[in-house]
Amino acid sequence: MLIKYVQIKMIFRGWARNKVYTFISLLSLVSGLTCSVLLIAFVMREYRIADSVPDSECTYIIESENSQYNHVKMFSVESELPVRLQETFPDIRDICVFKGEDAAIVQDKGLLYTEKYFSVLPEFLDFFKPEVVSGDLERVLSGTTELAVSESYGRKLFGEENPLGKVLTMEIRKYMPVEKGYGYWVDARQEYTVAAVFKDMKNSILCCNMLRGLSREILTREETQGLEFYAFVKLNPKADRFVLEKKIDQNAGLMELADGKVRLLPADQIYFNPTEYCSLLRGRDKSLLYISLSIALAILLIACFNYVNISMTRNMQRLRNTGQQMVCGALVGSMRLQLITETFIQVVLSFGIAVWLIYEILPVFNAFLGADLSLSAVFYGPARIVFLLLIVVLSLGPSFYIFSRLGKIQLSAVLKNETQRKSELIKGMVVAQFVVSAVLVAVVLNIHRQMEYIAHSRPDSDRIVAVNPTSGNFDEKTWDAFRNQLRTLPEIEAVTTTKMTQNMSGQTGDINYCVFDCDDSYFDVYGVKILMGNGFSSLSAKSDQVLVNETFASLVGKSAILGYTFDYWDKSRKTVVGVVNDFQVDRFSMRIPPMVLHPDPSGAGRLVVKAGENTSYADLKMKINTLWYETAPGNTGLSCLTMADIYKGFHRDELRLMKTVWIFMWVSLLLTGVGLFGLAWYTVESRKKEIGVRKINGASGNQVMLLICRQFMIWIGVAFLIALPLAFYFTEEWMKQFLYKADFTLWTYLLAGGFIFSVGFLTVIWQSRTAAGLNPVEMFKNEI
């Protein structure tokens, strides 16, 4: 026990004498553990969410490839489809259908638009087994006039009051049938009573704030056409999914109802197959998890490299004292135990600091990645075993390596002070650290370049701003008056009521197209160019005339496109009078669809403004909201989004990935720089005698600086040459998802290389200047 106490005391005394080494070792381990533990916990939780559906081995979601939406795979289906599937195939033993509800809660201060509000069949309880906090969820789902709310949404609506028994007046869309043909929809108000509260579904693939019952009979009624439905099916244990899908494909009636191919996606695969068109389900791009794990491993390796390098230099520095201990009879086993003990204390101390840091930065991390991690979730179940193994590996791995290195040094050489540092592996570690950092820098720059290309693919995208109300009780006249007053602001160049992307879809023959209802200002605001033919001659008198884009024209034939007539979605007949340039209206991983630009004096009822060239976004937003408060007193502010923001919003996962790599790029650079600083410091310390001799023989300060910097710059150069093809490969693999991408440029990689060289140079130069300023007389005095 006394020996252990003495050893521990010696360890802490050594830390106090070598503050630089101790600081670098702890900083490396703390940074590496913090980042790796967070990212590993994030990945493990994502897989828990993906596997959260009970009976996932026999539960599937219906997935369709809808021809109306550019043949994109979607989870929304026609309401009648799951009913017909269950009636047709005995292998489907049950269905659970969700219907997206579009409603607003009437409050004293105006309308609060509902979020994640669905009606659902009672089978929901069997499919997902939600945890009920209070009330009777089964009764809620058996009727249609009662509601269930999540705990957090209940607090949002009622504060700390108990939601049970509260009555909500809601503004809804009510279908009014007619004797012949399709009916119409009207705005109506209805009261609902909160009769159940369920736990937030943080660990579920579902994302629901409010639920009410859905009647199975509604699923086959005509008013459900075009509404948002999602359907899960539960198969019999012996059913074969692939055989069932083939049977569905062979059923003409079902295929016509689905308007595309029908697939059954296993429940445990839903989370990693996200779609932009599903409001019910959470989703995560799996590539983000792979990249997160790779970054976690890379940063952990850099931290370990730093620790091993610093430990090796420190142990080499104290080898003479070690040799003296060996002469005096110290056992090798005792010395190894001391080294393991020191490593273990450092790792445990670093892990403790890392846990504290994780607790502090979790809110930022969650907001950053759109996650919902808590400290208990970080160390949940299997994660504790993983992190315990991590501590053991970090404690023993570097120690065993140092044993192997020290074991090759002869005692006589130690006592004569003739040992020379074997730096080949240490050089390799430094090179590996800079390879990781250089790859991350190059990848970040290329992702950023692609995101900027997407954001600015349309002219003046930073000047075009969509203006939308967030809530309120204003009427249509108030909104029209506000829109007219906007035109008088000197900061605004033009105003249009046409939507930025599209307002509906249609089909003629085999062509599925997007529709833009265009007012007079459309071309002025969006900068769309007419390539062939003419524009609209008169919006009011020539509404049978339309323009199409290049893609539409190529499907018909460019030589025959002008004067081409076709059946419009509303059964009217339209004539093509011109062709406009192609532009993207969705993700850049999707092909530009055929488009039809239809003249309409009222456009699509949206409000989009184009700011003047010298108007800042912040000033424009302030002026718009000031005018709005004057026009509609008492209402909340307006939402303003530029076209660049909207196009970036189509690529949330890619932006999240860019930010993730960007953050951890800086962490890797910090760790690499700190490790390089420690090695540079040791180099100066171990070569003081050589530097003194060179200065006595006439070496200038610049020559000494060059001597110190040269070897490190060579290492960084080698690292960059290795990183260049790796960065190119990873960038190209990531870019494969895009059909439209920024042109390749070598400057991105050269900029990354220049940045890495700058970081390395600035890290080493301070130590080099210190070495150049050393007095050789003082150095030789210390040697005597």
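Before reading on, note that the structure itself is shown above.
Quick caveat: nothing in here was measured; it's all calculated off a predicted structure. (Residues numbered from 1 in each chain as written. Predicted model: local features only at pLDDT ≥ 70, side-chain atom pairs only at ≥ 80, totals over all residues. Heavy atoms only, no water.)

*Asks:* Any chance you could explain the overall build of the protein chain here in plain terms?
*Replies:* A tally of helices and strands in the protein chain yields 26 helices and 24 strands. Evaluated residue by residue, the protein chain yields a buried proportion of 50% over its 784 residues. In the protein chain, the proportion of contacts linking residues at least 24 apart, taken out of those at least 6 apart, comes to 80%. Accessible surface for the protein chain amounts to roughly 37,200 Å². Of this, 56% is attributable to carbon and sulfur atoms. (Helix = DSSP H or I, 4+ residues; strand = E, 2+ residues; numbered from the N terminus. Buried < 20%, exposed > 50% of the residue type's maximum accessible area, 1.4 Å probe, protein only. Contact = heavy atoms within 4.5 Å. Areas by Shrake-Rupley, 256 points an atom, 1.4 Å probe, with all protein chains shown as cover.)

*Asks:* Sorry if this is basic, but what is going on with the side chain of glutamine 584 here?
*Replies:* Within the element layout of this structure, glutamine 584 appears in the loop between β21 (573-580) and β22 (595-599). A polar atom in the side chain of glutamine 584 sits 3.3 Å from the backbone nitrogen of aspartate 586. Separated by 2.7 Å, the side chain of glutamine 584 and the backbone oxygen of methionine 590 make a polar contact. Ignoring anything within four residues of it in the chain, the contact list for glutamine 584 reads Arg458, Met590, Arg591, Ile592, Pro593, Tyr647 and Tyr740. (Polar contact = N/O pair within 3.5 Å; in protein donor to acceptor, adjacent residues only side chain to side chain.)

*Asks:* I tried to follow the pattern of salt bridges on my own but got confused; where do I start?
*Replies:* When the charged atoms of two side chains with opposite charge come close together, those side chains can pair. Applying the stated criterion across every chain, the model contains 28 salt bridges. We note a salt bridge from glutamate 171 to arginine 189, for which the minimum N-O separation is 3.7 Å. In this pair, glutamate 171 is assigned in strand β9 (residues 167-176) and arginine 189 in strand β10 (residues 184-198), connecting sequence segments 18 residues apart. Of the charged contacts, one joins aspartate 460 and arginine 463 as a salt bridge, the two residues approaching to 3.2 Å between their closest N and O atoms. Note on arginine 463: relative accessible area 14%, which makes it buried. By sharing partners, the salt bridges in this structure join Asp55, Asp126, Lys129 and Lys234 into a single network. (Salt bridge = Lys/Arg side-chain N within 4 Å of Asp/Glu carboxyl O.)

*Asks:* Explanation requested: the nonpolar core in the structure shown.
*Replies:* A general trend in soluble globular proteins is that nonpolar side chains are found buried together. Counting 140 residues, the largest nonpolar core has Phe98, Phe124, Leu206, Phe232, Leu280, Leu281 and Phe387 as its most contacted members. Sorting elements by how many residues they give to this core places helix α16 (residues 424-455) first, with 14 residues. Judged by nonpolar contacts, the second largest core, of 24 residues, contains Ile62, Val97, Leu235 and Ala239. (Core = buried A, V, L, I, M, F, W, Y, C linked by side-chain atoms within 4.5 Å.)

*Asks:* Any chance you could explain unusual backbone geometry here in plain terms?
*Replies:* Peptide bonds are trans in most cases, and residues, glycine excluded, mostly fall at negative phi. In the Ramachandran plot, aspartate 55 falls in the positive-phi region, its phi being about 55 degrees despite a non-glycine side chain. Inspection of the secondary structure puts aspartate 55 in the loop between α2 (19-50) and β1 (59-66). The phi torsion at lysine 129 lies on the positive side, around 45 degrees, for a residue other than glycine. For lysine 129, the location among the structural elements is in the loop between α4 (124-128) and β7 (132-135). With a relative accessible area of 46%, lysine 129 lands in the partly exposed category.

*Asks:* I'm lost on helix α7 (residues 241-249) in this one. Help?
*Replies:* Note that an α-helix has 3.6 residues per turn; residues three or four places apart therefore point the same way. Among all positions of α7, only Arg241, Leu244, Glu245 and Ile248 are buried. Seen from one end, α7 has its buried residues packed into an arc of 100 degrees, which puts them on one side. Turned more than 90 degrees away from the buried face of α7, the exposed residues are Phe242 and Lys246. (Arc of directions from axis to C-beta.)

*Asks:* Is there a simple way to explain the sheet that holds strand β15 (residues 492-496) in this structure?
*Replies:* Strand pairing in a sheet takes place through backbone hydrogen bonds and is either antiparallel or parallel in direction. Judged by pairing direction, the sheet is antiparallel, and its 4 strands sit side by side in the order β15-β23-β14-β24 without closing on themselves. Every interior strand has two partners, whereas the edge strands, β15 and β24 (638-642), have only one. Each strand axis lies, on average, 25 degrees off the axis of its neighbour in the sheet, ignoring direction. With 5 bridges joining them, strand β14 (residues 464-469) and β24 adopt antiparallel strand pairing. (Pairing = 2+ DSSP bridges. Axes fitted to C-alpha atoms, helices over the stretch in contact; angles between N-to-C directions.)

*Asks:* I'm lost on the environment of asparagine 614 in this one. Help?
*Replies:* For asparagine 614, the location among the structural elements is in the loop between β23 (608-611) and α20 (617-631). Note: C-alpha distance between asparagine 614 and glutamate 491 (123 residues apart in sequence) is 8.4 Å.

*Asks:* Looking at this model, I keep getting lost on the packing of aromatic side chains. Mind explaining?
*Replies:* Applying the stated rule across the entire model yields 33 aromatic pairs. Ring geometry for phenylalanine 42 versus phenylalanine 365: centroids 6.0 Å apart, planes at 85 degrees, classification edge-to-face. You can see phenylalanine 42 sitting in helix α2 and its partner phenylalanine 365 sitting in helix α12 (residues 332-369), a full 323 residues away along the chain. On the basis of relative accessible area, phenylalanine 42 is assigned to the buried category, the value being 1%. Assessed through its relative accessible area of 8%, phenylalanine 365 is described here as buried. Ring geometry for tyrosine 513 versus phenylalanine 566: centroids 6.0 Å apart, planes at 70 degrees, classification edge-to-face. Of this pair, tyrosine 513 sits in strand β17 (residues 511-518) while phenylalanine 566 sits in strand β20 (residues 565-567), and the two are 53 residues apart along the sequence. (Phe/Tyr/Trp six-rings, centres within 6.5 Å; stacked < 30°, edge-to-face > 60°.)

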